[in-house]
Amino acid sequence: MSTRARFPDDFRWGVATAAYQIEGATTEDGRGESIWDRFSHTPGRVLGGDTGDVACDHYHRWRDDVALMAELGVGAYRFSIAWPRVLPEGRGRVNPQGLGFYDRLVDALLEAGIRPFPTLYHWDLPQVLEDAGGWPARATAEAFAEYASAVASRLGDRVTDWFTINEPWVVTQLGYVLGLHAPGRAEPAVGPAVAHHLLVAHGLAVERIRAACPRARVGIVLNLDPMEPRSLHPADVAEARLHDASMNRWYLDPISGRDYPREVTELLEWDRREVRPGDMEIIATPIDRLGVNYYRRQVVAAASVTDEQRPLPWTQAGPRFTEMGWEVYPPGLYDLLRRLHCEYDFAEYLITENGAAFPDPAPVGGRVSDPERVAYLRAHLLAVHRAIGDGVPVGGYFVWSLLDNFEWAFGYSKRFGIVHVDFADQTRTWKDSAAWYRDVATNGSVS
Ligand code: FCB
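Residues numbered from 1 in each chain as written. Predicted model: local features only at pLDDT ≥ 70, side-chain atom pairs only at ≥ 80, totals over all residues. Heavy atoms only, no water.

(A) Representation of the overall build of the protein in the model. Looking only at helices and strands, one finds 15 helices and 14 strands in the protein. Here the C-alpha radius of gyration of the protein, 21 Å, is about what a compact globule of 447 residues would show, namely 22 Å. A principal-axis box enclosing the C-alpha atoms of the protein has dimensions of 60 × 60 × 45 Å. Per-residue burial over the protein gives 61% buried out of 447 residues. For the protein, restricting intrachain contacts to residue pairs at least 6 apart in sequence, the fraction spanning at least 24 positions comes to 77%. Carbon and sulfur atoms provide 51% of the accessible area of the protein, an area that totals close to 17,100 Å². Counting 46 positive and 61 negative side-chain charges, the protein places the centres of these two groups 3 Å from one another. (Helix = DSSP H or I, 4+ residues; strand = E, 2+ residues; numbered from the N terminus. Rg over C-alpha atoms; globule rule 2.2 N^0.38 Å. Buried < 20%, exposed > 50% of the residue type's maximum accessible area, 1.4 Å probe, protein only. Contact = heavy atoms within 4.5 Å. Areas by Shrake-Rupley, 256 points an atom, 1.4 Å probe, with all protein chains shown as cover. Lys, Arg positive; Asp, Glu negative; His and termini not counted. Charge placed at Lys NZ, Arg CZ, Asp CG, Glu CD.)

Right, here's the structure in full:
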């Protein structure tokens with residue numbers, strides 16, 4: 001029996017991208033170097049030696065891409081602004097051509113009836129700021145506040161929906177602790193400082209955006225993975241709690257006015273020397289909504305326990321995984337939204353990213369068959385619908401991603417788009433998921 005899940009009339013149907021993943025044109029119109037330019041041009045850092053030099057060439061094809069979104073019937077677009085385009089030296093001088101690009105993009109979106117949801121930081125720090133210390137240095141947070149002001153003063157007459165920082169956990173862990181992302185520093189000792197400065201940067205920017213744009217609705221975007229213990233053995237449960245505290249609560253708690261989870265600060269032996277008086281209040285500046293990026297859950301097992309010691313039942317990940325190796329687990333999104341609503345006090349949630357990479361076939365006859373992606377999106381949207389039905393205020397959903405794009409350390413090897421991109425000639429071809437999503441967005445329901 002087919003079900004039909006109708007969403008609220010004002011629910012926002014969107015797609016998402018990020019600057020470095022789609023724009024290309026990395027040396028044009030006065031753009032400064034970003035840490036991702038430097039990183040991707042360093043041999044051995046990105047799979048296949050791929051870089052974002054051209055990516056989806058969106059910097060030149062943005063008009064077509066806006067038209068594509070209009071055809072898709074989406075009413076909202078989450079994109080990011082490249083800090084080094086706007087402030088090539090990281091702070092100080094504003095590059096009018098860089099800001100002009102986003103100014104024109106915003107106008108075109110509004111003209112097409114698509115609401116812009118810019119994110120100010122989706123990982124492309126100006127290289128000069130990294131050279132001056134990067135996120136372990138407090139000055140980077142202060143520079144971010146200036147950058148936020150410059151952008152909001154220019155676009156704030158038309159843009160009301162803002163996100164400050166995308167996935168601070170990823171910036172901290174992959175960028176500075178493990179070194180798998182730009183700037184490629186494997187320095188675990190700086191982790192807490194990086195995370196703290198990202199959150200201070202967020203709080204300062206919320207104030208600056210509101211000062212420039214009193215109608216603004218501002219949020220931060222967190223990647224949140226539910227942590228499921230492998231069994232109810234006390235060691236598995238404790239390990240799952242610790243994972244939850246270090247990945248999820250480390251960010252959720254301070255932005256909600258609580259302190260950093262003590263079990264994590266103790267484990268890291270962090271002396272909190274970076275926390276200045278007033279910082280926790282800045283971080284807890286009330287936000288209008290939380291952006292939730294959901295891709296998977298994690299099943300957590302304590303290393304000290306053997307399977308023979310575990311009581312039944314065991315939780316087993318799978319059976320389905322995406323090409324990233326991430327478990328396909330739609331109920332995790334429902335559980336996560338309910339948990340957020342019960343344990344925190346955010347006025348609204350937007351699903352700012354959800355989607356999947358699968359090994360899609362090449363286009364045939366102007367289409368790409370991607371049934372697994374359709375099934376993935378459908379199941380996750382039904383989970384969102386169920387959470388809304390329970391009373392969780394979820395106001396919108398953005399598919400990751402509009403286009404196949406530069407998937408960070410994986411280069412172009414992982415395709416998340418609902419629209420296929422031929423990177424040799426930049427042809428865009430709708431996948432079946434795009435046609436499916438157009439129907440969903442147009443009808444406001446999933447069947
Ligand atoms: C998220 C990132 C986004 C994209 C997806 C697959 O962590 O925010 O840019 O790479 O993962």
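After presenting the structure, the write-up continues.
(B) Looking closely at the sheet that holds strand β5 (residues 161-166). The strand order around the closed barrel formed by eight strands is β2-β3-β4-β5-β6-β8-β10-β11, and the pairing between neighbours is parallel. Strand-to-strand, the axes of this sheet are offset by a mean angle of 25 degrees, without reference to chain direction. Sheet topology note: the strand β2 (residues 12-16)/strand β11 (residues 394-400) ladder contains five bridges and is parallel. Looking at the pairing, V15 lines up with V399 of β11. Contacts between helix α5 (residues 96-111) and the sheet are confined to β3 (76-80) and β4 (115-121), with β3 contributing the most and set at about 170 degrees to the helix. Where helix α13 (residues 331-343) meets the sheet, its contacts fall on β8 (289-293), β10 (349-354) and β11, and the angle it forms with β10 comes to roughly 150 degrees. (Pairing = 2+ DSSP bridges. Axes fitted to C-alpha atoms, helices over the stretch in contact; angles between N-to-C directions.)

(C) Seen up close, the pattern of salt bridges. Taken as a whole and assessed by the stated rule, the structure comprises 41 salt bridges. Across the salt bridge formed by D37 and R31, the nearest N and O atoms sit 2.8 Å from each other. (Salt bridge = Lys/Arg side-chain N within 4 Å of Asp/Glu carboxyl O.)

(D) Spotlight on the nonpolar core. Counting residues in hydrophobic clusters, the biggest one holds 150 residues, and the most contacted among them are Y121, W135, W162, L290 and Y437. It is helix α9 (residues 191-212) that provides the largest number of residues to this core, a total of ten residues. When sequence neighbours within four positions are dropped, the list of residues in contact with Y121 reads I35, W83, W135, F144, T164, I165, N166, V171 and L198. (Core = buried A, V, L, I, M, F, W, Y, C linked by side-chain atoms within 4.5 Å.)

(E) Spotlight on the pairing of β3. Buried residues dominate β3, accounting for five of its five residues. Of the two faces of β3, the one holding A76, R78 and S80 and the one holding Y77 and F79 are both buried throughout. Alignment of β2 against β3, held across three bridges, turns out to be parallel. Bridge assignment links A16 to a residue of β3, and that residue is R78.

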